[in-house]
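# A look at the structure
The lines below spell out each chain.
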Amino acid sequence: MRKALKTVLCVALVLALAVVIALRVLPPMNAPAQSAAATPTPAATVAPTPTPEPDNGLPKVNTGSWELTLVNAQHSIGEAVPEDLAELEGGRYFDARAVDALKDFIAAARAEGLSVCLSSAYRSYNEQTYLFNRKVSQCGGDEAAAARIVNRPGTSEHQLGLCADITDKFYEVKTQALEKTALYQWMYAHCQDYGFILRYPADKQDITGVMYEPWHFRYVGREAAAYIMGNGLCLEEFLDLYK
């Protein structure tokens, strides 16, 4: 009898221990079930790297800006007058926005001991008309021949007020021989430093439609001037690069 009672007590004790162990290991019935998969941490948003524009080596200039206005036989400005003209020496006028650049260009040449004559700068539509008609008469009425020497009214850069005829003294008739003067050689070498170009080079006559003029310097701004002169271009060729 006692042996049986001990057996029962042992069994009861084992069951009690099993219950206690089970209660400690198993979670409570009302505990929320854990998610099978943890919520992923959102990745930080990285701004995309912009694709750089291709670098074609051209200066970043606005070809529609005033200093790059193209005037030639195909691009007339009619009877337009510059917005603001500033007076230079000898009663000459130049576009007020670029007049300081021209003054510096001339002053630098004189500082080199060179003689500078500003033989022409801004010319009005009416003045250009007079000069053109006179040249037509000298060419025996041949307007096409005259237009290669003197631009038709409305198609001259002088009417823009952005170009100047610069020689070492006053010449009644300017010829290609002026390229041999020390003044021209210095100005040709340094014009881009002041934003100017030789507008009508000898090897670009078929493009410009104007004879070689080693006295005619045009303001286009320093960046454009450096590229044009450095690459042996005329203004027409330079502007075509942006089309």
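Above this text sits the structure in question.
Residues numbered from 1 in each chain as written. Predicted model: local features only at pLDDT ≥ 70, side-chain atom pairs only at ≥ 80, totals over all residues. Heavy atoms only, no water.

## Some words on the overall build of the chain
The helix and strand inventory of the chain stands at eight helices and six strands. Each helix and strand of the chain, placed in order from N terminus to C terminus, yields the pattern α-β-β-α-β-α-α-β-α-β-α-β-α-α. Looking at the 243 residues of the chain, the share that counts as buried comes to 38%. With the model as given, the accessible surface of the chain reaches about 15,100 Å², and the carbon-plus-sulfur share is 56%. (Helix = DSSP H or I, 4+ residues; strand = E, 2+ residues; numbered from the N terminus. Buried < 20%, exposed > 50% of the residue type's maximum accessible area, 1.4 Å probe, protein only. Areas by Shrake-Rupley, 256 points an atom, 1.4 Å probe, with all protein chains shown as cover.)

## Here's the deal with the packing of helix 2 (residues 99-111) against helix 5 (residues 182-190)
Between helix 2 and helix 5, the shortest axis-to-axis distance is 11 Å and the interhelical angle comes to 130°. When the axis of helix 2 is compared with that of helix 5, the two are oblique. In this structure, the crossing between helix 2 and helix 5 has a hand that is right-handed. Contact residues: Phe105, Ala108 and Ala109 in helix 2; Leu183, Trp186, Met187 and His190 in helix 5. Grouping the constituent residues of the contact of helix 2 with helix 5 by class yields six nonpolar, one polar and no charged. (Axes fitted to C-alpha atoms, helices over the stretch in contact; angles between N-to-C directions. Parallel < 35°, antiparallel > 145°, perpendicular 65-115°, else oblique. Left-handed = near helix turned anticlockwise from the far one by under 90°. Contact = heavy atoms within 4.5 Å. Nonpolar A, V, L, I, M, F, W, Y, C, P; charged D, E, K, R; others polar.)

## Examining the nonpolar core
Phe94, Leu102, Phe105, Ile166, Phe196, Phe217 and Leu235 are the most contacted members of the largest nonpolar core, which totals 43 residues. For this core, the leading source of residues is helix 2, giving seven residues. Beyond its immediate stretch of four places on either side in the chain, Leu235 contacts Leu68, Thr69, Leu70, Glu157, Ile197, Arg199, Arg218, Val220 and Ile228. The next biggest cluster of nonpolar side chains, apart from the first, holds six residues, and it includes Val136, Ala146, Ala147 and Val150. (Core = buried A, V, L, I, M, F, W, Y, C linked by side-chain atoms within 4.5 Å.)

## With respect to the pattern of salt bridges
Within this structure, the stated rule accounts for nine salt bridges. Between Arg152 and Glu143 there is a salt bridge whose closest N-O contact spans 3.0 Å. You can call Arg152 partly exposed: its relative accessible area is 34%. A relative accessible area of 39% places Glu143 in the partly exposed class. A salt bridge links Arg199 to Glu157, with the shortest nitrogen-to-oxygen separation between them at 2.6 Å. Taken together, the residues span a long stretch of sequence, with Arg199 in the loop between strand 5 (196-198) and helix 6 (205-208) and Glu157 in the loop between helix 4 (143-147) and strand 4 (163-167) at a distance of 42 residues. Since its relative accessible area comes to 0%, Glu157 is described here as buried. When salt bridges that share partners are traced, they join Glu157, Arg199, Arg218 and Glu236 into one network. (Salt bridge = Lys/Arg side-chain N within 4 Å of Asp/Glu carboxyl O.)

## Description of the side chain of Lys135
The topology assignment puts Lys135 in helix 3 (residues 125-138). Among residues more than four places away in sequence, those in contact with Lys135 are Ala146, Ile149 and Val150.

## Description of helix 5
One turn of the α-helix equals 3.6 residues, which is why residues spaced by three or four share an orientation. By the burial criterion, the buried members of helix 5 are Leu183, Tyr184, Trp186 and Met187. Seen from one end, helix 5 has its buried residues packed into an arc of 165°, which puts them on one side. Along its buried surface, helix 5 packs onto helix 2, strand 4, strand 5 and strand 6 (216-219). (Arc of directions from axis to C-beta.)

## What to know about the packing of aromatic side chains
Summed over the entire model, instances satisfying the criterion amount to 10 aromatic pairs. Between Phe105 and Tyr194, the aromatic rings sit 5.4 Å apart at their centres with planes inclined by 25°, giving stacked as the arrangement. Of the two residues, Phe105 sits in helix 2 while Tyr194 sits in the loop between helix 5 and strand 5, which places them 89 residues apart along the sequence. Assessed through its relative accessible area of 0%, Phe105 is described here as buried. Taking 5.9 Å as the distance between ring centres and 50° as the angle between the ring planes, the aromatic pair formed by Tyr227 and Phe238 counts as tilted. Taken together, the residues span a long stretch of sequence, with Tyr227 in helix 7 (residues 222-230) and Phe238 in helix 8 (residues 235-240) at a distance of 11 residues. Exposure remark for Phe238: the relative accessible area of 0% places this residue in the buried category. Members of the aromatic cluster, each reached through a chain of ring pairs, are Trp66, Phe94, Phe105, Trp186, Tyr194, Phe196, Phe217 and Tyr219. One cation-aromatic arrangement involves Arg97 over Trp66; the distance from NZ or CZ to the ring centre is 4.2 Å. (Phe/Tyr/Trp six-rings, centres within 6.5 Å; stacked < 30°, edge-to-face > 60°. Lys NZ or Arg CZ within 6 Å of the ring centre and 35° of its normal.)

So, to be careful, I would describe these as geometric facts and stop short of saying anything about function.
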